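# Structural characterization, general
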Amino acid sequence: MPHRRAEKGKSSGYTLEDIIRDIRALNSSVLLLSQKMNYLVRNEKILGRNFIILNKKLKAFEQKKPVASVQSEGVSTEVNDLVEELEEKVKQNDFMLNEIKSDLNKMNSSFAKSEDLKELKYIIEAINPLEFVTLGQVKDLISNNKSSAPKTKKKKTKK
(Lines give C-alpha, C1' and ligand atoms only; values in the text may rest on other atoms or scores of the structure.)
Protein backbone atom coordinates (compact mmCIF):
# COMPACT_ATOMS: atom_id res chain seq x y z
CA MET A 1 0.00 0.00 0.00
CA PRO A 2 1.54 3.36 -0.99
CA HIS A 3 2.21 5.90 1.70
CA ARG A 4 1.94 9.64 1.44
CA ARG A 5 5.26 11.11 0.42
CA ALA A 6 6.88 13.56 2.74
CA GLU A 7 6.70 17.10 1.46
CA LYS A 8 9.70 19.40 1.54
CA GLY A 9 10.38 20.69 4.99
CA LYS A 10 8.56 17.84 6.73
CA SER A 11 10.02 14.83 8.51
CA SER A 12 10.49 11.75 6.34
CA GLY A 13 9.37 9.29 9.09
CA TYR A 14 6.08 7.55 9.49
CA THR A 15 3.29 9.38 11.22
CA LEU A 16 0.99 7.82 13.77
CA GLU A 17 -1.78 7.78 11.18
CA ASP A 18 0.41 5.77 8.79
CA ILE A 19 1.21 3.23 11.48
CA ILE A 20 -2.45 2.89 12.47
CA ARG A 21 -3.46 2.52 8.81
CA ASP A 22 -0.79 -0.17 8.27
CA ILE A 23 -1.88 -2.06 11.39
CA ARG A 24 -5.51 -1.99 10.26
CA ALA A 25 -4.56 -3.18 6.78
CA LEU A 26 -2.49 -6.02 8.22
CA ASN A 27 -5.30 -6.94 10.59
CA SER A 28 -7.84 -7.15 7.78
CA SER A 29 -5.42 -9.23 5.68
CA VAL A 30 -4.87 -11.65 8.53
CA LEU A 31 -8.61 -11.96 9.11
CA LEU A 32 -9.19 -12.62 5.41
CA LEU A 33 -6.47 -15.28 5.34
CA SER A 34 -7.89 -16.88 8.47
CA GLN A 35 -11.31 -17.04 6.85
CA LYS A 36 -9.86 -18.63 3.71
CA MET A 37 -7.99 -21.19 5.80
CA ASN A 38 -11.24 -22.06 7.58
CA TYR A 39 -12.94 -22.59 4.22
CA LEU A 40 -10.10 -24.84 3.07
CA VAL A 41 -10.28 -26.90 6.25
CA ARG A 42 -14.06 -27.25 5.89
CA ASN A 43 -13.72 -28.30 2.23
CA GLU A 44 -11.01 -30.78 3.18
CA LYS A 45 -13.33 -32.36 5.76
CA ILE A 46 -16.16 -32.59 3.23
CA LEU A 47 -13.89 -34.19 0.63
CA GLY A 48 -12.60 -36.62 3.24
CA ARG A 49 -16.14 -37.68 4.15
CA ASN A 50 -17.03 -38.12 0.47
CA PHE A 51 -13.90 -40.17 -0.04
CA ILE A 52 -14.78 -42.44 2.90
CA ILE A 53 -18.36 -42.90 1.65
CA LEU A 54 -17.18 -43.73 -1.87
CA ASN A 55 -14.67 -46.24 -0.50
CA LYS A 56 -17.39 -47.91 1.59
CA LYS A 57 -19.68 -48.13 -1.42
CA LEU A 58 -16.87 -49.55 -3.54
CA LYS A 59 -16.00 -52.18 -0.92
CA ALA A 60 -19.66 -53.10 -0.52
CA PHE A 61 -19.99 -53.43 -4.28
CA GLU A 62 -16.87 -55.61 -4.49
CA GLN A 63 -18.14 -57.88 -1.69
CA LYS A 64 -21.42 -58.59 -3.45
CA LYS A 65 -21.25 -61.85 -5.36
CA PRO A 66 -22.38 -61.37 -8.92
CA VAL A 67 -24.79 -63.97 -10.19
CA ALA A 68 -23.53 -64.81 -13.66
CA SER A 69 -26.54 -66.85 -14.71
CA VAL A 70 -29.01 -64.03 -14.02
CA GLN A 71 -27.00 -61.16 -15.48
CA SER A 72 -26.61 -60.70 -19.15
CA GLU A 73 -23.49 -59.41 -20.84
CA GLY A 74 -24.97 -55.91 -21.29
CA VAL A 75 -25.64 -55.46 -17.58
CA SER A 76 -22.17 -56.59 -16.51
CA THR A 77 -20.50 -54.14 -18.91
CA GLU A 78 -22.68 -51.35 -17.50
CA VAL A 79 -21.64 -52.32 -13.99
CA ASN A 80 -17.99 -52.40 -15.05
CA ASP A 81 -18.36 -48.94 -16.59
CA LEU A 82 -19.90 -47.65 -13.36
CA VAL A 83 -17.09 -49.18 -11.32
CA GLU A 84 -14.52 -47.55 -13.58
CA GLU A 85 -16.30 -44.20 -13.21
CA LEU A 86 -16.32 -44.57 -9.43
CA GLU A 87 -12.64 -45.46 -9.40
CA GLU A 88 -11.88 -42.39 -11.51
CA LYS A 89 -13.88 -40.17 -9.13
CA VAL A 90 -12.07 -41.67 -6.14
CA LYS A 91 -8.72 -40.92 -7.82
CA GLN A 92 -9.84 -37.34 -8.54
CA ASN A 93 -11.00 -36.87 -4.95
CA ASP A 94 -7.71 -38.26 -3.67
CA PHE A 95 -5.78 -35.89 -5.93
CA MET A 96 -7.87 -32.89 -4.80
CA LEU A 97 -7.43 -33.88 -1.16
CA ASN A 98 -3.66 -34.05 -1.58
CA GLU A 99 -3.71 -30.66 -3.32
CA ILE A 100 -5.67 -29.10 -0.45
CA LYS A 101 -3.27 -30.60 2.08
CA SER A 102 -0.27 -29.17 0.25
CA ASP A 103 -1.98 -25.76 0.04
CA LEU A 104 -2.67 -25.85 3.77
CA ASN A 105 0.95 -26.76 4.48
CA LYS A 106 2.11 -23.84 2.33
CA MET A 107 -0.27 -21.49 4.14
CA ASN A 108 0.88 -22.71 7.54
CA SER A 109 4.47 -21.91 6.65
CA SER A 110 3.80 -18.51 5.07
CA PHE A 111 1.23 -16.91 7.37
CA ALA A 112 1.60 -15.55 10.87
CA LYS A 113 0.47 -17.80 13.67
CA SER A 114 -1.73 -16.57 16.49
CA GLU A 115 1.21 -16.67 18.92
CA ASP A 116 3.18 -14.34 16.64
CA LEU A 117 0.23 -11.97 16.41
CA LYS A 118 -0.22 -12.01 20.19
CA GLU A 119 3.47 -11.20 20.64
CA LEU A 120 3.20 -8.34 18.13
CA LYS A 121 0.11 -7.03 19.93
CA TYR A 122 1.97 -7.17 23.26
CA ILE A 123 4.90 -5.20 21.80
CA ILE A 124 2.61 -2.56 20.29
CA GLU A 125 0.72 -2.21 23.55
CA ALA A 126 4.01 -1.92 25.44
CA ILE A 127 5.17 0.88 23.12
CA ASN A 128 1.71 2.49 23.23
CA PRO A 129 2.02 4.75 20.17
CA LEU A 130 -0.97 6.82 21.32
CA GLU A 131 1.24 8.42 23.97
CA PHE A 132 3.65 9.87 21.42
CA VAL A 133 3.67 13.54 20.51
CA THR A 134 1.39 14.65 17.70
CA LEU A 135 2.59 16.74 14.78
CA GLY A 136 0.63 19.74 16.02
CA GLN A 137 2.26 19.53 19.43
CA VAL A 138 5.73 19.41 17.87
CA LYS A 139 4.95 22.48 15.75
CA ASP A 140 3.71 24.32 18.84
CA LEU A 141 6.90 23.44 20.72
CA ILE A 142 9.07 24.61 17.82
CA SER A 143 7.15 27.85 17.45
CA ASN A 144 7.38 28.46 21.23
CA ASN A 145 11.14 27.85 21.15
CA LYS A 146 11.58 30.20 18.19
CA SER A 147 9.52 32.94 19.78
CA SER A 148 11.30 32.66 23.16
CA ALA A 149 14.81 32.35 21.72
CA PRO A 150 15.08 35.91 20.26
CA LYS A 151 13.84 37.46 23.52
CA THR A 152 16.56 35.79 25.52
CA LYS A 153 19.20 36.85 22.98
CA LYS A 154 18.06 40.46 23.17
CA LYS A 155 18.39 40.43 26.92
CA LYS A 156 21.88 39.04 26.65
CA THR A 157 22.93 41.64 24.08
CA LYS A 158 21.67 44.55 26.21
CA LYS A 159 23.99 43.65 29.06
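We now turn to the structure provided with this report.

Calculation criteria
What you see as residue numbers is a count from 1 along each chain, following the sequence as written. Side-chain atom pairs in this predicted model are given and counted only at pLDDT of 80 or more, local residue features only at pLDDT of at least 70, and totals for whole chains, interfaces and linings cover all residues. Water and hydrogen atoms play no part in the side-chain values, which are based on all heavy atoms of the structure. Numbering of helices and strands runs from the N terminus, with a helix taken as a DSSP run of H or I at least four residues long and a strand as a DSSP run of E at least two residues long. Categorising residues by exposure relies on relative accessible area from a 1.4 Å probe, with only protein chains included: less than 20% of the type maximum marks a residue as buried, more than 50% marks it as exposed, and the intermediate range marks it as partly exposed. What makes two residues a contact is simply this: any of their non-hydrogen atoms within 4.5 Å. For the accessible areas, the method is Shrake-Rupley and the probe is 1.4 Å, while residue cover comes only from the protein chains on display. Each patch is built from salt-bridge-free residues with over 30% relative accessible area, joining like charges within 9 Å and nonpolar side chains (Val, Leu, Ile, Met, Phe, Trp, Tyr) within 5 Å. By definition, a salt bridge exists where a carboxyl oxygen of Asp or Glu is found within 4 Å of a side-chain nitrogen of Lys or Arg. His residues and chain termini do not enter the charge count, which takes Lys and Arg as positive and Asp and Glu as negative. We put the charge of a Lys on NZ, of an Arg on CZ, of an Asp on CG and of a Glu on CD. In this scheme, a helix's expected span is set at 1.5 Å multiplied by one less than its residue total. For the purposes of this section, nonpolar cores are sets of buried Ala, Val, Leu, Ile, Met, Phe, Trp, Tyr and Cys residues that join through side-chain atoms within 4.5 Å.

A count of helices and strands for the protein chain gives four helices and zero strands. Listing each helix as α and each strand as β along the protein chain from the N terminus yields α-α-α-α. Within the protein chain, the fraction of its 159 residues that count as buried is 11%. Sequence separation of 24 or more characterises 69% of the internal contacts of the protein chain that already satisfy a separation of 6 or more. By element, 58% of the accessible surface of the protein chain is carried by carbon and sulfur atoms, the whole surface being about 14100 Å².

In this section: a negative patch on the surface. Together, E62, E78, D81, E84, E85 and E87 make up a negatively charged patch on the protein surface. Looking at the negative patch element by element, the count peaks at five residues for helix α2 (residues 73–110). Within the secondary structure, E62 sits in helix α1 (residues 16–63). Look at E62 and you get exposed, because its relative accessible area is 55%.

So, about helix α3 (residues 114–127). Along its 14 residues, α3 runs 20 Å from first to last C-alpha, staying within 8% of the 20 Å computed at 1.5 Å per residue. One or two steps after α3, the chain reaches N128, where phi turns positive at roughly 50°.

Take the nonpolar core next. With six residues, the main nonpolar core is built from L40, L47, L97, I100, L104 and M107. In terms of residue count, the dominant contributor to this core is α2 (four residues). Sequence-distant contacts of L47, defined by excluding residues within four places in its chain, comprise N93, M96, L97 and I100.

Turning our attention to a nonpolar patch on the surface. Taken together, the side chains of Y122, I123, I127 and F132 make up a nonpolar region of the molecular surface, amounting to roughly 450 Å² of accessible area. Looking at the secondary structure, you find F132 in the loop between α3 and α4 (135–158).

For α1, spanning 48 residues, the distance from its first C-alpha to its last is 70 Å, which sits close to the expected 70 Å at 1.5 Å a residue. Buried residues of α1: D18, D22, A25, L40, E44, L47, G48, L54 and L58, and no others.

Right, let's talk about the side chain of E44 for a bit. Within the secondary structure layout, E44 lies in helix α1. Although E44 is buried, it forms no salt bridge, and the closest oppositely charged side chain is K101 at an N-O distance of 4.9 Å. Contacts of E44, omitting those with residues within four sequence positions, involve L97, I100, K101 and L104.

In this section: the pattern of salt bridges. Applying the stated criterion to the full structure yields one salt bridge. For R21, the salt bridge identified is with D18, shortest N-O distance 2.9 Å. Note that R21 and D18 are positioned in helix α1 at a spacing of three residues, about one turn of the helix. In this structure R21 comes out as partly exposed when scored by relative accessible area, which is 30%. Note on D18: relative accessible area 5%, which makes it buried.

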